[in-house]
Amino acid sequence: QVQLVESGGGLVQAGGSLRLSCAASGTIFRINEMGWYRQAPGKEREEVARISSGGNTNYADSAKGRFTISRDNAKNTVYLQMNSLKPEDTAVYYCDARIGLTMGDYWGRHYWGQGTQVTVSS
């Protein structure tokens, strides 16, 4: 029932920018924390940024100063603004959301999107 769909990936030159979006849909009572992860070929999935329901954020060291995570609760959407992109940012980017389906589901569970490809060329 619950789906997360990422968009905004693509091919960009080094130094350029992309804005990723992830919209959650379905039977959702509450969305708690949301975040972005990425996975490059041959590497493990890495947390890039996350944002709490109250708007508190944290970032991977590699993203600090370049990436900004934000959310629009009315749209059940999380964004990742990526500036000053580097070739090492090339990866599939996934969004994650901790979602409660009912009032009693206080903590919720994690749902994942299927990813969007970001490729940064030199």
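Residues numbered from 1 in each chain as written. Predicted model: local features only at pLDDT ≥ 70, side-chain atom pairs only at ≥ 80, totals over all residues. Heavy atoms only, no water.

**Observations concerning the packing of aromatic side chains**
Aromatic ring pairs are defined here through the distance separating the ring centres and the angle between the ring planes.
Item 1. For the structure on display, the rule yields two aromatic pairs.
Item 2. Arranged with centres 4.9 Å apart and planes meeting at 90°, the rings of Tyr106 and Trp107 form a pair that is edge-to-face. Taken as a pair, Tyr106 and Trp107 share a single burial class, namely exposed.
Item 3. When the ring centre of Tyr94 is taken as reference, the NZ or CZ atom of Arg45 above it lies at 3.9 Å.
Item 4. Over the ring of Tyr111 we find Arg109; its NZ or CZ atom is 4.2 Å from the centre of that ring. (Phe/Tyr/Trp six-rings, centres within 6.5 Å; stacked < 30°, edge-to-face > 60°. Buried < 20%, exposed > 50% of the residue type's maximum accessible area, 1.4 Å probe, protein only. Lys NZ or Arg CZ within 6 Å of the ring centre and 35° of its normal.)

**Description of unusual backbone geometry**
Item 1. In the Ramachandran plot, Asn76 falls in the positive-phi region, its phi being about 50° despite a non-glycine side chain.
Item 2. Take Asn76: it is sitting in the loop between strand S7 (67-72) and strand S8 (77-82).
Item 3. Residue Asn76 is classed as partly exposed on the basis of its relative accessible area, which comes to 24%.
Item 4. Phi angles above zero are rare outside glycine, and Ser84 is one such case at about 50°.
Item 5. Examined against the element boundaries, Ser84 turns out to sit in the loop between S8 and strand S9 (91-100).
Item 6. Using a relative accessible area of 40% as the deciding quantity, one classes Ser84 as partly exposed. (Helix = DSSP H or I, 4+ residues; strand = E, 2+ residues; numbered from the N terminus.)

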